[in-house]
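Structural features, examined
Residues per chain are reported as follows:
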There are 2 protein chains.
Amino acid sequence: MTTGGERGGSPSFDDAFCARLAQLFAWRRDVRRFKPDKVPAALIEDLLRTAAHAPSVGNSQPWRFVSVETLAAREAIIANFNACNAAALKSYEGERAALYAHLKLSGLREAPVHLAIFCDHATEAGAGLGRKTMPEMLDYSVVAAVHTFWLAARAQGLGAGWVSIIDPGQVSNTLEVPLAWKLIAYLCVGFPQEEHLDPELERHDWQAHIVENEKLHRK
Amino acid sequence: MTTGGERGGSPSFDDAFCARLAQLFAWRRDVRRFKPDKVPAALIEDLLRTAAHAPSVGNSQPWRFVSVETLAAREAIIANFNACNAAALKSYEGERAALYAHLKLSGLREAPVHLAIFCDHATEAGAGLGRKTMPEMLDYSVVAAVHTFWLAARAQGLGAGWVSIIDPGQVSNTLEVPLAWKLIAYLCVGFPQEEHLDPELERHDWQAHIVENEKLHRK
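To start, this report covers the structure provided alongside it.

Scoring rules and cut-offs
Just so you know, the residues in each chain are numbered from 1, in the order the chain's sequence is written. Whichever chain is written first is A, and whichever ligand is written first is 1; the rest continue in order. Since the coordinates come from a predicted model, pLDDT governs what is reported: local features require at least 70, and pairs of side-chain atoms require 80 or more to be given and counted, while whole-chain, interface and lining totals use all residues. Helix and strand definitions here come from DSSP, where helices need a minimum of 4 consecutive H or I residues and strands a minimum of 2 consecutive E residues; each element is numbered from the N-terminal end. Overlaid copies result from least-squares superposition on C-alpha atoms, with residues included only where pLDDT is at least 70 in both. Any pair of residues counts as being in contact when their C-beta atoms, constructed from backbone geometry, are within 7 Å of one another. Every C-beta atom is placed from the backbone, and the number of other C-beta atoms within 10 Å of a residue's own sets its class: buried at 20 or more, exposed at 12 or fewer, partly exposed in between. Working convention: axes come from line fits to C-alpha atoms, limited for helices to the stretch in contact. Angles between N-to-C directions cover 0 to 180 degrees. An angle counts as roughly parallel when it lies under 35 degrees, as roughly antiparallel when it exceeds 145, as roughly perpendicular when it falls between 65 and 115, and as oblique in every other case. Should the near helix be turned counterclockwise from the far one by less than a right angle, the crossing is left-handed, whereas a clockwise turn marks it as right-handed. Think of it as three bins: nonpolar holds Ala, Val, Leu, Ile, Met, Phe, Trp, Tyr, Cys and Pro, charged holds Asp, Glu, Lys and Arg, and polar takes everything else, Gly as well. Among buried residues, those of type Ala, Val, Leu, Ile, Met, Phe, Trp, Tyr and Cys that are joined through C-beta atoms within 7 Å form a set called a nonpolar core. If DSSP finds at least two bridges between two strands, the strands pair. For this quantity, the arc is that covered by the directions from the helix axis to the C-beta atoms.

1. Thoughts on unusual backbone geometry
The backbone phi angle of A:E176 is positive, close to 50°, even though this residue is not glycine. Along the chain, A:E176 falls in the loop between α6 (168-175) and β4 (181-190). You will see that B:D205, though not glycine, has its phi angle at about 65°, which is positive. Tracing the chain through its elements places B:D205 in the loop between α7 (200-203) and β5 (216-218).

2. Quick notes on the relation of the copies chain A and chain B
Least-squares fitting of chain A to chain B yields an RMSD of 0.0 Å, with the transformation described by 0.0 Å of translation along the axis and a rotation of 180°. Here the copies are linked by what is in effect a two-fold axis. When you check the interface residues of chain A against chain B, 100% turn up at the interface there too, and the contact is symmetric in its surfaces.

3. What about the environment of A:P192?
Residues and elements named next belong to chain A. Assignment of secondary structure puts P192 in the loop between β4 and α7 (200-203). Judged by C-beta crowding, with 20 C-beta atoms within 10 Å, P192 ranks as buried. Along the sequence, P192 and D205 sit 13 residues apart, while their C-alpha atoms lie 21 Å from each other.

4. Considerations on the packing of helix α2 (residues 41-51) of chain B against helix α5 (residues 137-155) of chain B
Residue and element names in this part refer to chain B. The geometry of α2 relative to α5 is characterised by a closest axis approach of 8 Å and an angle of 130° between their N-to-C directions. With respect to α5, the element α2 is oriented oblique. Here α2 runs over α5; the crossing is right-handed. Where α2 approaches α5, its residues L47, L48, T50 and A51 are matched on the opposing element by A145, T148, F149, A152 and A153. Within the contact of α2 with α5, the residues separate by chemical class into seven nonpolar, two polar and no charged.

5. Let's talk about the nonpolar core
In this structure, A:A116, A:I117, A:V189, B:A116, B:I117, B:A145 and B:V189 are the most contacted members of the largest nonpolar core, which totals 123 residues. A:I117 has contacts with A:W63, A:F65, A:V142, A:V146, A:I184, A:A185 and A:L187, leaving out every residue within four places of it along the chain.

6. Focus: the sheet that holds strand β5 (residues 216-218) of chain A
An order of β5(A)-β1(B)-β2(B)-β4(B)-β3(B) is seen for the five strands of this open sheet, with the pairing classed as mixed. The open sheet has two free edges, formed respectively by β5 of chain A together with β3 (159-163) of chain B, since each of these has just one partner strand. Taking each pair of neighbouring strands and ignoring which way they run, the sheet shows an average axis angle of 30°. Here α2(B) sits on the sheet in contact with β5 of chain A together with β1 (63-67) and β2 (113-120) of chain B, set at roughly 130° to β5(A).

7. Quick notes on helix α6 (residues 168-175) of chain B
Residue and element names in this part refer to chain B. The set of residues buried in α6 consists of V171, T174 and L175. For α6, the buried positions fall inside an angular range of 85° around the axis, keeping them on one side. Along α6, exposed side chains directed more than 90 degrees from the buried face belong to G169 and N173. Close packing links the buried residues of α6 with β1, α3 (71-90), β2 and β4 (181-190).

8. A word on the pairing of β3(B)
Counting buried residues along β3(B), five of its five residues qualify, which places the element largely inside the surrounding structure. Of the two faces of β3(B), both are covered, the one formed by B:G159, B:G161 and B:V163 as well as the one formed by B:A160 and B:W162.

9. Describing the interface of chain A and chain B
At the interface, 87 residues of chain A touch 87 residues of chain B. Every element with two or more residues in the side of chain A that touches chain B is listed here: α1 (15-27), α2 (41-51), β1 (63-67), α3 (71-90), α5 (137-155), α6, α7 and β5 of chain A. With 11 residues, α1(A) is the single largest residue contributor to the side of chain A that touches chain B. For the side of chain A that touches chain B, the per-class residue count stands at 45 nonpolar, 26 polar and 16 charged. With three bridges connecting them, β5(A) and β1(B) associate as parallel partners. Within β1(B), the position partnered with A:H217 by the bridge is B:V66.

10. Focus: the pairing of β2(B)
All names here are of chain B. For β2, the tally of buried residues reaches eight of eight residues, placing the bulk of the element in the interior. Residues V113, L115, I117 and C119 of β2 are buried on one face, and the alternating residues H114, A116, F118 and D120, pointing to the opposite face, are buried as well. In this sheet, β2 lies alongside β1 in antiparallel orientation, the contact comprising five bridges. Across the sheet, the residue bridging to F65 is I117, located in β2. With eight bridges connecting them, β2 and β4 associate as antiparallel partners. Residue L115 lies in a different strand from β4, and its bridge partner there is L187.

As C-alpha cells, this is what we get:
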C-alpha cells in the first residue's frame, strides 16, 4: 500500500471510487466473531504503516503499536476484560441486564491478532504545537490512526473490534509499556466469520440508529 | 454517497481500490489555504451523513455538528484563535519562535465553511456500554466521525484543516451550544488552493517524519 507514482500530481477520486469508499465506511464494522485463520505479520505491519498516515497534532505521530502475542499476556487481558464486563453487567437491571448478558462484546479468545495501541505522552515530536489549549489532541491523533488502520484492514478483508470494557492501566501493566504511554485502543483483529451492514448493537436491539444526530445545526 | 444495492452481500475491495485508498490516506492533508469557491450545503450535509458511519462506543452516536455561518460568530472564533496563537508563540524561543511565527496555522479567514464538531456528554444513547472503564471512548467516537468526514471530503476534492489553537470553552460560549457538549474539533473546510503529499509541518521544517513510530512492538 504505497502511494504509487503520482508524487508529481495530486490524485483525484472519481465517482466510482467515492461510491466504493462509502461502502467501506458502511461495512467497516466492529467485529467480534473471527475465523481461526492466521493473519500474515507483514500485512499487519503494512497496515500500521498506513495507519501512520493519520493526521497528528503538530505532526507529533504519537502512536505506539504493540502486538500482544504471549499466552500469559493474552490470558491477563482476557481476565481483565472478564472482570470489567462482570462489573458492567451488575450496573444494569431487568431487561437491559438480560440483553447485556447476551451480547458478544469481544472476540479476545478467537482473534488471531491482538493490538494494543498507545499514545506516548512523553513524546517531544511536534514541540507542543496545537496542544496548548487542547492537550487532548495528542490522544485524538492516535484515535485517527486506529480508525485509519480499521478502514485499511477492512478493505483488505480483515475485521477489527475495539474492546473498551477493559481497565486501561492494567493493560499497560500487563504489557510493561513505558509509564507515559496511555492506552487508546485494544483491538482484536482477524478474518471475520460474518459481515454485516448494520452495527451489532442495532441488530441486537441495544441501540437504534439516530438520524437526528446527523443533522447540521447552524449558528 | 449511499451504499448502493449490495445490502444482500458484503462487498469485497480489490487491489485497485486498495491502492486508491492508500492514496487517499496519503493525500488527506491538513489544509490551510482555500479557494474562495462556495461549497454546496448539500455536499456538506451528505458528508456528515457519511461521518455518522463512524464507529461509536455502544452505538452512542454522540457527534453534534454545527456550521458556523454568522459574521459575528466567525469573528469571535478568529479572535479566539489569534489570542491563543499569540500566547503559543510566546512559549517558543529563538529559531523555534521564528519558525512558529512563519507557519500558517489556520485558514479561518478564507475557508468558506466552518464546522464545529462536539461530543454530547449528556446523551443516553448507548446506555453507557463500553464507557465504564474508558469514559473517553465517547470523545474518541466523535474523533472517528471527524476523521471519516475528512477522508470523505478529500475524496470529493474538498480540503479540511483541524484548528486546535483555540480555547474550546470559548467556542462553546460563542456558539451557545448546550453545556454538556464538548468541542472535539473546529474544522475549516473548502476547496484547497494547493495539494501536497507531505504534511505542511514537514515541508516547513517543524517536525520530520519518524519511521521508528510505525514499528510493531511485540509482547
